Amino acid sequence: MSISWGNLSVRVYAAEAWVSLAPRFAEERPEIVDRIEAILQDDEPAVRLQAAQNLQVICKAAPNRMWAMGERIASSESDEQILTSYLAHALRRFSHAEPERCEHILIVAKDRLSEFSDEDGSSNYLQECLGGWAAQLYAGQGRPIARDWIEEWAADPQRFQDALNAYASNLRGAFFGRYGADAEQGDRAMCDRAQDGLKAILGSALAISAKENAVLMSATTHEEKKAAGERYSAAEHVIHHATMQLYFGAGARAEDKEDGPGLNSPDTKSRFLADYATILGLLKQSREPRTLHYLIELYEHLLPGDPVAVFAALHEILTGVGAEEGYHYESLGSTAVVKVVKRYIADHRGIFEDPARRAMLIEILQLFSEVGWPDALRLLYDLPDLLR
């Protein structure tokens, strides 16, 4: 439950006042630091929150006491919102200046993850906070300890999916940082590390998904299938979330083309296809039709970068795992495939002069026609004339 307070919460406003005084007067009046420390021990969460989320205000007046107070928050604060507010706001200001001390406090908080579970189905805010920190420390600053956290979490997406998803969400822009017109070496290095972390997450999630899917397809007990289904769903949820970060970040949705870095030229799309070949190859192994759908739309957006490679990838998805999982039965799937085929015929008809590639196109259209989609059937019927 979110911490709140009203106009009559006098002690909250008193705590806020002490915090406001600290930047200007704490060096001359050490009793202000004493009051802030006392506020952190108050029985009322709303009072403690005022000091925890602004603890950096005493960094000049009492730096050692500030770090000691921060460690106490990380080790003993019982309210998750207060703990995450400290980590996400006050502590975050020192990520570059004091990375080792930040990591020490984060390790203390990380060891308490089991205390803040999400049994009611809500998000685990401590996990989300730590996932954001992992993105900052590893992708942003190259700190190896955060890479270890990512691997640890990736091994159990059922338990740590909020942390894994937060890592990907926080790096949506960084995944495309190297493609900006004014990209610098630091952007490229951060992009490399962001990709590396994402590959670790996807590799582990896909291995778990494949393993649990095999259990679901086997002749085992209902209890084992139920547990396997939960692990499978968690792994595929992480894969889907990662796909969506690339989908939106690349500008694949028309409404988002002006937002974020995006990929807005054939050159950047070609470079992305080459740079992310491994990650795209991993995403093609997902067994969830909704994930495959967005991946297909992402490939359509990337089409100008390498029409031949994109067509080969689409054929692999649609006639492989997509067909196995029934993607061709989905109306959205038929709409997406007809749209991309029409685009190929309009803009890249020449690639189908290759007999093998033409046969691949016919195979795709037959797959959707045979289950009764009229637009696909019409396109298949008109194909000889369209390719003349």
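Quick notes on the rules
Residues numbered from 1 in each chain as written. Predicted model: local features only at pLDDT ≥ 70, side-chain atom pairs only at ≥ 80, totals over all residues. Heavy atoms only, no water. Helix = DSSP H or I, 4+ residues; strand = E, 2+ residues; numbered from the N terminus. Buried < 20%, exposed > 50% of the residue type's maximum accessible area, 1.4 Å probe, protein only. Polar contact = N/O pair within 3.5 Å; in protein donor to acceptor, adjacent residues only side chain to side chain. Contact = heavy atoms within 4.5 Å. Axes fitted to C-alpha atoms, helices over the stretch in contact; angles between N-to-C directions. Parallel < 35°, antiparallel > 145°, perpendicular 65-115°, else oblique. Left-handed = near helix turned anticlockwise from the far one by under 90°. Nonpolar A, V, L, I, M, F, W, Y, C, P; charged D, E, K, R; others polar. Phe/Tyr/Trp six-rings, centres within 6.5 Å; stacked < 30°, edge-to-face > 60°.

Here Glu212 lies in helix 10 (residues 185-216). Judged by its relative accessible area of 5%, Glu212 falls in the buried class. A distance of 3.1 Å separates a polar atom in the side chain of Glu212 from a polar atom in the side chain of Arg231. Each residue touching Glu212, except ones within four places of it in the same chain, is listed here: Ala228, Arg231 and Tyr232.

Glancing now at the packing of helix 11 (residues 222-249) against helix 14 (residues 289-302). Packing of helix 11 against helix 14 leaves a shortest axis separation of 10 Å and a crossing angle of 20°. Compared by their axis directions, helix 11 and helix 14 come out roughly parallel. Of the two elements, helix 11 crosses helix 14, and the hand of that crossing is left-handed. For the pair helix 11 and helix 14, the contacting residues are His237, Ile239, His240, Thr243, Met244, Leu246 and Tyr247 in the first and Arg290, Thr291, Tyr294, Leu295, Glu297 and Leu298 in the second. Taken together, the residues of the contact of helix 11 with helix 14 break down into seven nonpolar, four polar and two charged.

The next point concerns the packing of aromatic side chains. Counting across every chain of the model gives eleven aromatic pairs. For the pair Phe311 and Tyr344, a centre-to-centre distance of 5.5 Å together with 75° between the ring planes defines the contact as edge-to-face. In this pair, Phe311 sits in helix 15 (residues 307-319) while Tyr344 sits in helix 17 (residues 331-347), placing the two residues 33 residues apart along the sequence. Accessibility expressed as a relative area gives 1% for Tyr344, which makes it buried. Taking the centre distance of 5.2 Å and the plane angle of 80° together, the rings of Phe311 and Phe352 count as edge-to-face. On the criterion of sequence distance, the pair formed by Phe311 in helix 15 and Phe352 in the loop between helix 17 and helix 18 (355-369) is long-range, its members being 41 residues apart.

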